[in-house]
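So you can see what is in the structure, the chains are spelled out below.
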Amino acid sequence: MCLGIPGKIVSITDVEQQLGMVDVGGIQRAVDLSCVAQDGKSLHTLIDSWVLVHVGFAMSVIDEAEAQSTLAILTELGQMQEELVAMQEGDS
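Going along each chain's sequence as written, the residues are numbered from 1 onward. Where totals are concerned, whole chains, interfaces and linings use all residues; where local detail is concerned, this predicted model gives features only for residues with pLDDT of at least 70, and gives and counts side-chain atom pairs only at 80 or more. Only hydrogens and water are set aside when side-chain values are computed; all heavy atoms of the structure are taken into account.

### Description of the pairing of strand S3 (residues 27-32)
What makes two strands pair is DSSP finding at least two bridges between them. Per the convention used, a helix needs a DSSP run of H or I reaching at least four residues, while a strand needs a run of E reaching at least two, with both numbered from the N terminus. Strand direction decides the pairing type here: strand S2 (residues 19-24) and S3, joined by 6 bridges, are antiparallel. When the bridges of S3 are listed, Val-24 appears paired with Ile-27. What sits between S2 and S3 in their antiparallel hairpin is a turn of 2 residues, with Gly-25 showing a positive phi close to 60°.

### Digging into the nonpolar core
In this structure, Ile-9, Ile-12, Val-22, Val-31, Leu-33, Val-36, Leu-43, Leu-46, Val-51, Val-53 and Ala-58 together form the largest nonpolar core, which totals 11 residues. Mapped onto this core, the elements with two or more residues apiece are strand S1 (5-14) and strand S4 (50-54). Definition of nonpolar core: a set of buried residues of the types Ala, Val, Leu, Ile, Met, Phe, Trp, Tyr and Cys, connected through side-chain atoms within 4.5 Å. Type-normalised accessible area, obtained with a 1.4 Å probe on protein chains alone, sets the label of each residue: buried when under 20%, exposed when over 50%, and partly exposed for intermediate values.

### Side note on the environment of Glu-83
Relative to the helices and strands, Glu-83 resides in helix H1 (residues 64-88). The spacing of Glu-83 and Ala-37 is 46 residues in sequence and 40 Å in space, taken between C-alpha atoms.

### A look at unusual backbone geometry
Even without a glycine there, the phi angle at Asp-48 is positive, about 80°. With respect to the helices and strands, Asp-48 occurs in the loop between S3 and S4. On the accessibility criterion, Asp-48 (53% relative accessible area) is exposed. One non-glycine residue, Val-55, lies in positive phi territory at about 45°. Within the secondary structure layout, Val-55 lies in the loop between S4 and strand S5 (57-62).

### Quick word on the pairing of S1
Summarising the sheet, S1 and S4 pair through 4 bridges and their orientation is antiparallel. Bridging from a neighbouring strand, Ile-5 pairs with Val-53 of S4. Relative to S2, S1 runs antiparallel, the two sharing 5 bridges. Looking at the pairing, Ile-9 lines up with Val-22 of S2. Once S1 ends, the chain turns through 4 residues before running back antiparallel as S2, passing Gln-18 with a positive phi of about 60°.

Here's what the structure looks like:
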């Protein structure tokens, strides 16, 4: 199963290499934007766009509502995982 994490493109770091900085939950990472780059359009038009990031690549552009919904689900899953670990360790 492949998991794409929503992130927001905050800057373009290298136009020639099609790289940008993406904010994922407050952490910024360099990401390859070649899969979402549009022929004839400046990469800078992607700034403030939400994308699904997988293994260092922006795989697709998504809308903000979808990004926020996915982030909420991932947060819930993380909290559930923490509770399961706590139960296994006898803390709950």
